[in-house]
Amino acid sequence: MDEFHYRIPWRAGSAHPGHHHSRAPGGGYEFHGHTPLHSGADPRHLDIRASLCDPFGEFKVRQFLQTSLIPVVAIADLSASMRVGHKPRLLTRIGAAIAYSAYRTGDPFGFIGLSGAGRPAIHHPPRRHRGLALDLPRQLRQTRFEGPGLAAAPRLTALAGSHKALVFLLSDFHFPLKTLESLLEHLRPHDVVPVVLWLSQEWTPPVRWGWAKLREPESGQRQGRLLHPRSGIRLQQAFEHRRRQLTGVCRRHGRPPFFVTDAFCPQSFSRYFLETCA
């Protein structure tokens, strides 16, 4: 199973012990000041020096912050454009890697797969799923990629939960930027990691010269186009422009996007978290 290491730049609020820095007092190693002994503090952490220096003669006890868990949620775009080429296999591999990495870290994991505008096609609330990383590929293979997907997701984002979570958005983001702005605005309480799944064949014309019928993946409509050597250059420039636009929008709402082109590298994903949480 693919595994990567993720980090967060904020403090968890859960009282349940875990892997991440939190603001909850407990049996951790991060010193958080002193508290009077009569407040119910652990007498084993009695600080003699601080007690002798206290002007009121109170016994002082060291207080520490524990490490806590965080909910991890993956929201996957199952729209028609996500069935192009080997995007379903790429999505499956990344989703399983997130599930396995959350399980290995000790965090509860949830998965939401969105295709049509109604209920989610796949919905697993955040909890400690032992076998979801193995079962998720089977469920995705049996799911039809159709409908608007993430484009109709703003009213379904409440499924991510009310507590602050690390949310992965898995999509090719081939929908209007205003829709993305609305989606990120609805997910503002969470730490959102946009994962952009692209294939190089999307900006590589099938021929250098000639008439070709191209199909729009969302609507299924076919259109005839006269292709020439400049077509590939224009397509590549359009995707580079789209990359800059997505980066700008996502940075304004938190993290920059993580681009996956053709293949997924778990080590690159770990590096992404090291760079964005430095």
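Residues numbered from 1 in each chain as written. Predicted model: local features only at pLDDT ≥ 70, side-chain atom pairs only at ≥ 80, totals over all residues. Heavy atoms only, no water.

A. Region of the structure containing the overall build of the protein chain. Secondary structure assignment for the protein chain yields six helices and 10 strands. Within the protein chain, the fraction of its 278 residues that count as buried is 46%. In the protein chain, 73% of the contacts between residues at least 6 apart in sequence involve partners at least 24 apart. Element-wise, carbon and sulfur atoms account for 53% of the exposed surface of the protein chain, whose accessible area totals about 15,200 Å². (Helix = DSSP H or I, 4+ residues; strand = E, 2+ residues; numbered from the N terminus. Buried < 20%, exposed > 50% of the residue type's maximum accessible area, 1.4 Å probe, protein only. Contact = heavy atoms within 4.5 Å. Areas by Shrake-Rupley, 256 points an atom, 1.4 Å probe, with all protein chains shown as cover.)

B. Main features of helix H5 (residues 229-252). The terminal C-alpha atoms of H5, which comprises 24 residues, lie 36 Å apart, in line with the 34 Å expected from a rise of 1.5 Å per residue. Looking at H5, one finds that the buried residues are Ser231, Gly232, Phe239, Arg242, Leu246, Val249 and Cys250. Positive backbone phi, approximately 140°, marks Gly254, located one or two places after H5. (Expected span 1.5 Å × (residues − 1).)

C. Spatial organisation of the nonpolar core. The biggest cluster of nonpolar side chains holds 38 residues, and the ones touching the most others in it are Phe168, Val195 and Phe269. Of all the secondary structure elements, the ones that give two or more residues to this core are strand E3 (72-77), helix H2 (87-105), strand E4 (109-114), helix H3 (132-141), strand E6 (166-171), strand E7 (191-198), strand E10 (258-261) and helix H6 (266-276). Among residues more than four places away in sequence, those in contact with Phe269 are Phe4, Phe168, Val193, Val195, Phe258 and Phe264. (Core = buried A, V, L, I, M, F, W, Y, C linked by side-chain atoms within 4.5 Å.)

D. Molecular detail of unusual backbone geometry. Positioned with a positive phi, Phe173 is a non-glycine residue whose angle comes to about 55°. As for its position among the elements, Phe173 is in the loop between E6 and helix H4 (177-186).

E. Spotlight on the packing of H4 against H5. Between H4 and H5, the shortest axis-to-axis distance is 10 Å and the interhelical angle comes to 25°. The angle between H4 and H5 falls in the class roughly parallel. Considering the relative orientation of H4 and H5, their crossing is right-handed. Residues Leu177, Leu180, Glu181 and Leu184 of H4 form the contact with H5, whose own contacting residues are Arg242, Gln245, Leu246, Val249, Cys250 and Arg252. Along the lines of polarity and charge, the residues of the contact of H4 with H5 split into six nonpolar, one polar and three charged. (Axes fitted to C-alpha atoms, helices over the stretch in contact; angles between N-to-C directions. Parallel < 35°, antiparallel > 145°, perpendicular 65-115°, else oblique. Left-handed = near helix turned anticlockwise from the far one by under 90°. Nonpolar A, V, L, I, M, F, W, Y, C, P; charged D, E, K, R; others polar.)

F. Up close: the pattern of salt bridges. By the definition in use, this model includes 12 salt bridges. Between Asp47 and Arg62 there is a salt bridge; the shortest N-O distance is 3.4 Å. Of this pair, Asp47 sits in the loop between strand E1 (17-36) and helix H1 (48-53) while Arg62 is found in strand E2 (residues 60-68), placing the two residues 15 residues apart along the sequence. The exposure class assigned to Arg62 is partly exposed, which follows from its relative accessible area of 34%. Between Arg255 and Asp191 there is a salt bridge, with its nearest N and O atoms 2.8 Å apart. Of this pair, Arg255 sits in the loop between H5 and E10 while Asp191 sits in strand E7, placing them 64 residues apart in sequence. (Salt bridge = Lys/Arg side-chain N within 4 Å of Asp/Glu carboxyl O.)

G. Up close: H4. Buried within H4 are the following residues: Thr179, Leu180, Leu183 and Leu184. With its buried residues spanning 130° around the axis, H4 presents them on a single face. (Arc of directions from axis to C-beta.)

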